[in-house]
Amino acid sequence: MAIDDAEAQRLAEANDGSVAWRDWGPYVAERAWGSVREDYSADGDAWASFPHDHARSRVYRWNEDGMAGFSDLDQKWCLALALHNGVDPILKERMFGLAGPQGNHGEDVKEYWWYLDGTPTHSFNTWRYHYPQAPFPYNDLIETNANRSKLEAEYELVDTGIFDESRFWVVTVDYAKKGPHDLLMQITVENAGPDAATIDVLPTLWYRNTWAWGYADEDPKPVLSYEDGRVVGRQQSTGTLYLQGEGAGGAGAGHALFCDNETNTARIYGEAESPAYPKDGINDYIVSGAATVNPEETGTKAALHYSVTLGPGESRVIRVRLSSGDDAEFNAERETPSATGAADGGVGIDVSAYDAVVDRRRREADAFYDNLTPAGASADEARVLRQAFAGLLWSKQFFHFNVQKWLDGDPATPPPPPERAAVRNGSWRHLDAHDVILMPDPWEYPWFAAWDLAFHCVTLAHIDPSFAKAQLILMLREWYMHPSGQLPAYEWNFSDVNPPTHAWAALHVFLLDGGTDYSFLARVFHKLLMNFTWWTNNKDRGENNLFEGGFMGLDNIAPLDRSKLPPEVGYLEQADSTAWMAMYALDLLNIALRLAGNERSYEDVATKFIEHFLQIANSANATGLWDEEDAFFYDVLHLADGRDVPMKVRSLVGLVPVVASLVFDTNEFIALPEFRDRVLWYLGMHPEMAQSFHQHTKDGVQSYLLALVSPDRLKRILAKVFNEQGMLSDHGIRGISAYHREHPFSVEVNGAEASVDYEPAESTSGLFGGNSNWRGPVWFPLNVLFVEALRNYGATGSPTTTVEFPEGSGTFLTFDEAADALSSRLISLFLPGADGRRPADARYELLSTDPRWRDNIFFYEYFDGDTGQGLGASHQTGWTALVAHLILTTGDRDQSVGPAANEVTPDGP
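Note on numbering: residues in each chain are counted from 1, in written sequence order. Where local features are concerned, this predicted model is filtered to residues with pLDDT of at least 70; where side-chain atom pairs are given and counted, the filter is 80 or more; whole-chain, interface and lining totals use all residues. In computing side-chain properties, one takes all heavy atoms of the structure into account and sets aside hydrogens as well as water.

(A) Focus on the overall build of the protein chain. Within the protein chain, the regular secondary structure consists of 26 helices and 35 strands. Put simply, the radius of gyration uses C-alpha atoms, and a globule should come to 2.2 Å times the residue count raised to 0.38. The C-alpha atoms of the protein chain give a radius of gyration of 28 Å, which matches the 29 Å a tight globule of 909 residues would have. Along the first, second and third principal axes, the C-alpha atoms of the protein chain reach 85 × 65 × 60 Å. Note on exposure labels: buried denotes an accessible area under 20% of the residue type's maximum, exposed denotes more than 50%, and partly exposed covers the range between, all computed with a 1.4 Å probe on protein chains only. A burial count over the protein chain gives 65% of its 909 residues as buried. Note on contacts: a residue pair is in contact if any heavy atoms of the two residues lie within 4.5 Å. In the protein chain, the proportion of contacts linking residues at least 24 apart, taken out of those at least 6 apart, comes to 72%. Strands are runs of DSSP state E lasting at least two residues, helices are runs of H or I lasting at least four, and both sets are numbered from the N terminus onward.

(B) Broad picture of the pattern of salt bridges. By convention in these notes, a salt bridge is any Lys or Arg side-chain nitrogen within 4 Å of a carboxyl oxygen on Asp or Glu. A complete count under the given rule lists 51 salt bridges for this structure. The partner of Lys-92 in a salt bridge is Glu-111, with the nearest N and O atoms 2.6 Å apart. In this pair, Lys-92 sits in the loop between strand S3 (77-84) and strand S4 (97-98) while Glu-111 sits in the loop between strand S5 (108-109) and strand S6 (113-118), placing the two residues 19 residues apart along the sequence. As a salt-bridge pair, Asp-630 and Lys-648 come within 3.9 Å of each other at their nearest N and O atoms. Taken as a pair, Asp-630 in the loop between strand S21 (626-627) and strand S22 (632-633) and Lys-648 in the loop between strand S24 (644-647) and helix H19 (656-659) lie far apart in primary sequence, 18 residues in all. Under the relative-accessibility criterion, Asp-630 is labelled buried at 15%. In this structure Lys-648 comes out as partly exposed when scored by relative accessible area, which is 31%.

(C) How the structure looks around the confidence of the model for the protein chain. Residue-level confidence of the predictor is summarised by pLDDT, bounded by 0 at the bottom and 100 at the top. Mean pLDDT for the protein chain: 92, with 94% of residues reaching 70 or above. Across residues 330-347 the pLDDT falls below 50, and counting only partners more than four positions away or on other chains, this stretch makes 31 contacts in the model. The low-confidence segment residues 900-909, where pLDDT is below 50, has 28 contacts with residues more than four positions distant or belonging to other chains.

(D) Fine view of the side chain of His-731. Checked against the element boundaries, His-731 lands in the loop between strand S28 (728-729) and strand S29 (732-733). Discounting residues that sit within four places of it in the chain, His-731 has contacts with Val-778, Arg-825, Leu-826, Ser-828, Leu-829, Pro-839, Thr-867 and Gly-868.

(E) Examining the nonpolar core more closely. The nonpolar core is taken to be a set of buried Ala, Val, Leu, Ile, Met, Phe, Trp, Tyr and Cys residues, with the residues joined through side-chain atoms within 4.5 Å. Among the nonpolar cores identified, the biggest contains 217 residues, and Leu-589, Leu-706, Leu-708, Val-721, Phe-722, Phe-780 and Phe-786 are the most heavily contacted of them. Element by element, the count of residues in this core is highest for helix H17 (residues 575-596), at 16 residues. Excluding anything up to four places from it in sequence, Leu-706 contacts Leu-586, Leu-589, Ile-610, Phe-613, Leu-614, Ala-660, Ser-661, Leu-662, Phe-664, Ser-692 and Phe-693. Ranked by size, the runner-up nonpolar core spans 53 residues in total, among them Ala-32, Trp-47, Val-171 and Ile-318.

(F) Seen up close, helix H9 (residues 351-372). One less than the number of residues in a helix, times 1.5 Å, gives the span that helix is expected to have. The terminal C-alpha atoms of H9 lie 32 Å apart, and with 22 residues this matches the ideal 32 Å at 1.5 Å per residue to within 8%. The set of residues buried in H9 consists of Val-351, Tyr-354, Val-357, Val-358, Arg-361, Glu-364, Ala-365, Ala-367, Phe-368, Tyr-369 and Leu-372. Think of a polar contact as two N or O atoms within 3.5 Å of one another; within protein, one of them needs to be a possible hydrogen donor and the other a possible acceptor, and neighboring residues in sequence only count if both atoms come from side chains. Capping of H9 at its N-terminal end is provided by Asp-350; its side-chain oxygen lies 3.1 Å from the backbone amide nitrogen of Ser-352.

(G) Summary view of the sheet that holds strand S10 (residues 197-207). Only strands that DSSP links by at least two bridges are regarded as paired with each other. Taken together, the six strands give an open sheet; going across it, the order is S1-S2-S3-S10-S16-S14, and neighbouring strands pair in antiparallel fashion. The sheet is open, and its two borders are formed by strand S1 (24-25) and strand S14 (253-259), each paired with just one other strand. Here eight bridges tie S3 to S10, and the two strands are oriented antiparallel to one another. Looking across to S10, one finds that Cys-78 is bridged to Trp-206. Strands in contact with helix H6 (residues 281-288) are S3, S10, S14 and strand S16 (301-310); relative to S14, the strand with the most contacts, it is inclined by about 130°. Every angle, taken between N-to-C directions, lies between 0 and 180 degrees, and every axis is a line fitted to C-alpha atoms, over only the stretch in contact when it is a helix.

(H) Quick look at the packing of helix H16 (residues 518-538) against H17. Close contact between H16 and H17 brings their axes to 10 Å; oriented N to C, the two are set at 150°. The orientation of H16 with respect to H17, classified from their angle, is roughly antiparallel. Considering how the two elements wind past one another, H16 and H17 form a crossing that is left-handed. Where H16 abuts H17, its residues Tyr-518, Leu-521, Ala-522, Phe-525, Leu-528, Asn-531, Phe-532, Trp-535 and Thr-536 lie against Met-581, Tyr-584, Ala-585, Leu-588, Ile-591, Ala-592, Arg-594 and Leu-595. An angle below 35 degrees is treated as roughly parallel, one above 145 as roughly antiparallel, one from 65 to 115 as roughly perpendicular, and anything else as oblique. Should the near helix be turned anticlockwise from the far one by less than a right angle, the crossing is left-handed, and should it be turned clockwise, the crossing is right-handed.

(I) Spatial organisation of unusual backbone geometry. A cis amide bond links Phe-805 to the next residue, Pro-806, at an omega of -10°. Tracing the chain through its elements places Pro-806 in the loop between strand S32 (803-804) and strand S33 (812-813). Phi is positive for Gln-75, which is not a glycine, with a value near 50°. Here Gln-75 lies in the loop between strand S2 (67-72) and S3. Notably, Met-552 is not glycine yet its phi reads approximately 55°, a positive angle. Relative to the helices and strands, Met-552 is located in the loop between H16 and strand S20 (570-573). On the accessibility criterion, Met-552 (0% relative accessible area) is buried.

(J) The packing of aromatic side chains, seen in detail. Ring geometry is summarised as follows: Phe, Tyr and Trp rings, the Trp one being its six-membered ring, pair when their centres sit within 6.5 Å, and such pairs are stacked at plane angles under 30 degrees, edge-to-face over 60 and tilted between the two. Enumeration over the complete set of coordinates arrives at 63 aromatic pairs. For the ring pair Phe-532 and Tyr-584, a centre distance of 5.3 Å and an interplane angle of 70° mean the geometry is edge-to-face. One end of the pair, Phe-532, is in helix H16; the other, Tyr-584, is in helix H17, with 52 residues separating them in the sequence. Note on Phe-532: relative accessible area 2%, which makes it buried. With centroids separated by 6.0 Å and ring planes inclined at 55°, the aromatic side chains of Tyr-793 and Phe-815 adopt a geometry described as tilted. Here the residue Tyr-793 occupies a position in helix H23 (residues 780-796), and Phe-815 occupies one in helix H24 (residues 815-827), the gap between them amounting to 22 residues. For the pair formed by Tyr-793 and Phe-815, the shared burial category is buried. Lysine NZ or arginine CZ positioned within 6 Å of the ring centre and within 35 degrees of the ring normal marks a charge as sitting over the ring. The residue whose ring lies beneath Arg-58 is Phe-50, and the NZ or CZ to ring-centre distance is 3.9 Å.

(K) A look at the sheet that holds strand S13 (residues 239-245). Spatially, S6-S7-S8-S9-S17-S13-S12-S11-S15 is the arrangement adopted by the nine strands of the open sheet, whose pairing is antiparallel. The open sheet terminates on both sides in strands that have one partner only, identified here as S6 and strand S15 (298-299). Inspection of the sheet shows strand S11 (residues 223-227) paired to S15 by two bridges, in the antiparallel sense. In the strand pairing of S15, Leu-224 is matched with Gly-299. Packing against the sheet, H9 makes contact with S6, strand S7 (124-132), strand S8 (168-179), strand S9 (182-191) and strand S17 (315-324), and its axis sits at approximately 90° to S9. The sheet strands contacting helix H10 (residues 379-394) are S6, S7 and S8, and the helix crosses S6 at an angle near 100°.

(L) Main features of the environment of Val-384. The topology assignment puts Val-384 in helix H10. A residue is classified by how much of its surface remains accessible, and Val-384, at 0% relative accessible area, is buried. Once residues lying within four places of it in the same chain are set aside, the contact partners of Val-384 are Phe-830, Leu-831, Arg-838, Ile-857, Phe-859, Val-883 and Ile-887.

(M) Expanded view of the environment of Ala-68. Among the structural elements, Ala-68 can be located in strand S2. Put simply, Ala-68 and Pro-203 are 135 residues apart on the chain and 9.8 Å apart in space, counted from C-alpha to C-alpha. If sequence neighbours within four positions are ignored, Ala-68 has contacts with Glu-30, Leu-79, Ala-80, Trp-127, Val-173, Tyr-175 and Trp-394.

Structure (structure tokens):
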């Protein structure tokens, strides 16, 4: 196949099922310890139940972790990288970081690695890691962070000085698929330091332990063995695997080391009986020379051991290949060993042919992204785009969690303490996950989060809409969605309430896929009806279309924990929850209008949702949520003593009402007469609802804007939002207005004072474990929704309708131009500024200016509201990949998600 369309052809083959290109992928988490799944304690302290110190020695129950890891779809086997610099107390098999209680701002990884490239079929992937040559400062990182207060910055690895004089290894792993079950792992190590140094490189293959839990339907215990200069793996369900390495044979030159993926019970539990060659056997052998690798060269975990000594600036390439025994191409190649293969002891890696495959896959990836990148994008924007997608693809992880088994225990293990059912997720026994899912982050958030996933899918749909659609459908399946209709939030508490963004995401994915897969749209629509009903039945306390969602993913943005207000104190009607439901109704209306082109029965449902939207919008505008004097929306606390207290915090909570908007044109009314007649009748009977139904004529085309916020009110809101001393920063809209830096808000609740001020970076609040940071930083999700809302208003407004951007600047922009300007500020977080530094990495000169660091881009969780410095989790976190979506859509006027005129006709679409 041609270079230019090779990846597109592979993707088509994967989608039609003719070639299983997705069978093997980067589905291995960077962290499995400290997760809810591995927590079998009575008190639910996941970090203490399975700490980092246990990870090298203790078998995981549900999934595996590793560095630069690949696995099959069921994660029956894993291939990943281990390293040793000759002085560390342990192998570097997984990334180190602080547990939530250890960090002065919650959990935080303390390593530097990047996802530099990736294609949708995982035909080419690049991972890079900077590994210190001096002893890794584990204790220093723990102790220094423990001694810092919440008012101080986190103490990072670069702060220790360990990278001074460039004394580190640059380790790059390129994966290239020769075939769907033929994987080339090319490892390049470079000595960046000023002196000669030695590093142990151990590409490692192991089987996930599925045999220790006592289930008769699991595979018999598999086996890895050393045969004919290669590692051979045999398992009933996955067949035969061959792992071969260049130069395999002698010690230190790819020689294989074996142990078992079994818990070192002597070390972990102090038991007298323990496996002779346990999970940490290779670790102990490399670090201290212990006799803990099996001399019989068999087990369930094996590593090819390379000891590499390099001078300053020198590099070495190590070639490894993993192939399935049922891959005829692999076996055929071994029948004719090359000269290089013979020199390597008959292992059969032909360096020339190997390098040719890697080079071709790299060029095919280049072509794939060249075809995607907008013509006007700069080289830096193209780099950001590509690495954003790479991180998103590397964040795919195998997620396995059967809640019933987790609560009740396994046949071969002691039953868990019964208190656990009361700690978390006791009402989610139906949830049975065994899937590859787009995670928010491979280390700090190695579990799905429902509304994060929605944003992930919108970005991913630009390159792999089929997988994005499958992900959205997955969360709606019976083994995820609660029988009540609630979607699971995340594993720390499936019952928490996230904003209902699933319908919004489904619409975007539908359109990015070409806008023709009505089967997908109907499939998600039917399940979302159940979820919408769950919301109306459970989160509208007064049955007045004002909603009390609680948490809503915005953590500590309010002065009090919105999920835990005692009912005897009062209740909170939320501006954001109410607006999310208005947006949800509009999204379902939009879907129903599209489906009505094929099936007229959807007219009835469309009518239901336009009426429901108008009712919600009327309630939001006509009650205390809207503050006429301040021109802003606020939550309202209804105290038991009868007092109503507006939570006058200028925050994203009050901006969510703006995102509840939809544009459609006159042809919808013409094509759907029942829908038209009912809407006109309803507005005639309820004229007060017309404040949310706006008719416009632009360029001779008549259109309608459904919006919770009227255009007049929007302009008043924007005066505060676009104020750089308020909510507008150089790099996006802040979570809370900088106005509150000097004007904190406080309220007395149940005899205690709760307050909010502006905190541009990490929060000092203890809410949600002290790792909640919505009190000032820039977050991508609502910024992107706000950009889209501005485009909706722009689609119906006159070209002479302008807003001042920024406020007080004297510059007036149309809504579309303001959307572009805001998008550009968000994108600028990742682009070198006038000083050559990317704002997100500007805190450290090393990350910003050093040639080995500066083009490796982190995609942080959120960003300092004053400086733009990246904060929180640093690897492709949740929604930050949306920067790719912005790069692809900024300036594009064809991105409306409203129904197009030609999509609803008497004869269907």
